[in-house]
Amino acid sequence: MARRIPAAGINLFQSIYGLLDDYERRSGRRALNLSLGNPDGVPPRAILRLQAACAADPAYDLHTYAEDKNLEGFCEGMVALHGRIRYRDFPHLDAAPIAGIKTATAVLPLACGLHLKPREEFRLASNLPAYDVAGTWTGPYLGARRIVWPLFSSEGMRPRVPHLELALRRARVRRPDLVFVIRPGNPASVAAAAEEWRELIEFCLERGCRLVNDAAYAGLAGPEHVPLALVAKDYPQLEWAELYSVSKSFSDPGARLGAMVGHRDFIADYVTIKGNTDSGPVPALMAAYGRFFKAGRAAPRALSALRALYRRRLDYLIAALRRAGLRQAAPTDAGFFTLWRVPRRSFGLDLARRARELGLGVPEAFNRLVIERAGIVGVHFQGRAEDGAPEPLVRYAVCADVLAGSFRSRLEAQLARLRPEY
């Protein structure tokens, strides 16, 4: 039997696992893994104890389908911590638990009515470069129309509404059904400002489109980041949603647990669609987090400690990469990602020529070269400059103990070999 899905459709991040494994198999050494954004820690012990207690509790609701049940006030705690609002104070808002942001993102086009019109008439506007789950589902998987709203390193990878308006004009689209952003960003960990949200909200209100923010990294952002919820709550007519997750905030990606807050009609539409998609998160884990959020200052303290750890790692890595001659493409305001411009030459090789010889894009050619020669694994992205020229990028994360002496000494020795030329 032939495959029905081409291998080229593999998730970019899955492909990085293959590159990492190939290096370790060939070299017999562990890679210097600065690639995937999976926390290298586990949840705080207080959460683990609560999870164990809830798993052992014979209460029926902790072991049946969770669906959209809000156990132990989980949604209130999650939204207050990440969105900095008490959503029940606003009659036009609601929230629901989600079984992870990726799963929720996949059904958002359906929650916006994609299935009720011809596919080509449904339009999503979303950013590139990005971790492109929304674009992949809307375009290649569901067959609707995706309009790229570009981010530029010359503007610090901030989502500027004039670029959205230009992209829509070029696509001859006035009203997208859904505008989807990731703030703080991935691959560029850039925070959002209140004025940026207000400008985008006014755009969505004027055009009559829904607005969603994937806020997976909001918990790891400092006070300079303004959640969408904190601004959007003051616009009762705006149909919006913001998604949070315990994966990054508490180093618990295996929980597949988060919350979605927004306009009550949007939340109701999402719950209708997800009822035929998943049966909700694991209820015992949701209840454990609900209890954790009620335990005084425990949750804010846990977030603060994790943010401080990543900040120490980031400060070291950014300085080391700059000393090696790499040029940063955007600031790092939150989380654990750093984004860099790919040089023209490295290891004495012309990267455009090498890319042509290998039949690859320049970002992937650079990433593969650095993995092969130095064992440093990143994630490659293809960006665009404002004039339309390709801008190759590479993302390096700190989901490894880059501060460990053995890691640092080996990393610095290998970085000295890169010899980047721009």
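Structure shown above.
Quick caveat: nothing in here was measured; it's all calculated off a predicted structure.

(A) Focus on the state of the cysteines. A complete count under the given rule lists zero disulfides for this structure. Considering cysteine sulfurs only, C75 is the nearest to C54, which forms no disulfide, with 15 Å between them. The buried category is assigned to C54, whose relative accessible area is 0%.

(B) Focus on the packing of helix α3 (residues 74-83) against helix α11 (residues 283-293). For the pair α3 and α11, interaxial distance at closest approach is 8 Å and the crossing angle is 55°. The angle between α3 and α11 falls in the class oblique. For the element pair α3 and α11, the recorded crossing hand is left-handed. Here F74, G77, M78 and L81 of α3 lie close against α11, whose contacting residues are M286, Y289, G290 and F293. Class assignment of the residues belonging to the contact of α3 with α11 gives a composition of six nonpolar, two polar and no charged.

(C) How the structure looks around the packing of helix α4 (residues 101-111) against helix α5 (residues 133-141). At their nearest, the axes of α4 and α5 sit 9 Å apart, and the two run at 35° to each other. α5 is crossed by α4, and the crossing has right-handed handedness. For the pair α4 and α5, the contacting residues are K102, T105, A106 and P109 in the first and V133, A134, W137 and T138 in the second. Broken down by class, the residue content of the contact of α4 with α5 amounts to five nonpolar, two polar and one charged.

(D) Examining the nonpolar core more closely. Of all hydrophobic cores here, the largest spans 63 residues; its most connected members are M260, I376, Y396 and L411. Residue contributions to this core peak at eight residues, all from helix α12 (residues 298-323). Setting aside anything within four residues of it in sequence, one finds M260 in contact with D94, A95, A96, I98, L108, A241, E242, L243, F266, I267 and Y270. Counting residues in hydrophobic clusters, the runner-up holds 61 residues, among them F74, C204, V246 and A299.

What counts, and where the lines are drawn
- Each residue is numbered by its place in its chain's sequence as written, counting from 1.
- Note on the predicted model: pLDDT of at least 70 is required for a residue's local features to be given, and 80 or more for side-chain atom pairs to be given and counted; whole-chain, interface and lining totals, by contrast, use all residues.
- In computing side-chain values, all of the structure's heavy atoms are included and hydrogens and water are not.
- Sulfur atoms of two cysteines make up a disulfide when they are within 2.5 Å.
- Each residue gets one of three labels from its accessible area relative to the maximum for its type: buried under 20%, exposed over 50%, partly exposed in between, using a 1.4 Å probe on protein chains only.
- A fitted line through C-alpha atoms serves as each axis, taken over the contacting stretch for helices, and the angle formed by two N-to-C directions is quoted from 0 to 180°.
- Helix and strand labels come from DSSP, where a helix needs a run of H or I of at least four residues and a strand needs a run of E of at least two; each type is numbered from the N terminus.
- Comment on the angle field: the value is read as roughly parallel under 35 degrees, roughly antiparallel over 145, roughly perpendicular from 65 to 115, and oblique elsewhere.
- It is the rotation of the near helix from the far one that decides the hand of a crossing: anticlockwise by less than a right angle makes it left-handed, clockwise makes it right-handed.
- We call two residues in contact when some of their heavy atoms are within 4.5 Å.
- When residue character is reported, Ala, Val, Leu, Ile, Met, Phe, Trp, Tyr, Cys and Pro are called nonpolar, Asp, Glu, Lys and Arg charged, and the others, Gly included, polar.
- The nonpolar core is taken to be a set of buried Ala, Val, Leu, Ile, Met, Phe, Trp, Tyr and Cys residues, with the residues joined through side-chain atoms within 4.5 Å.

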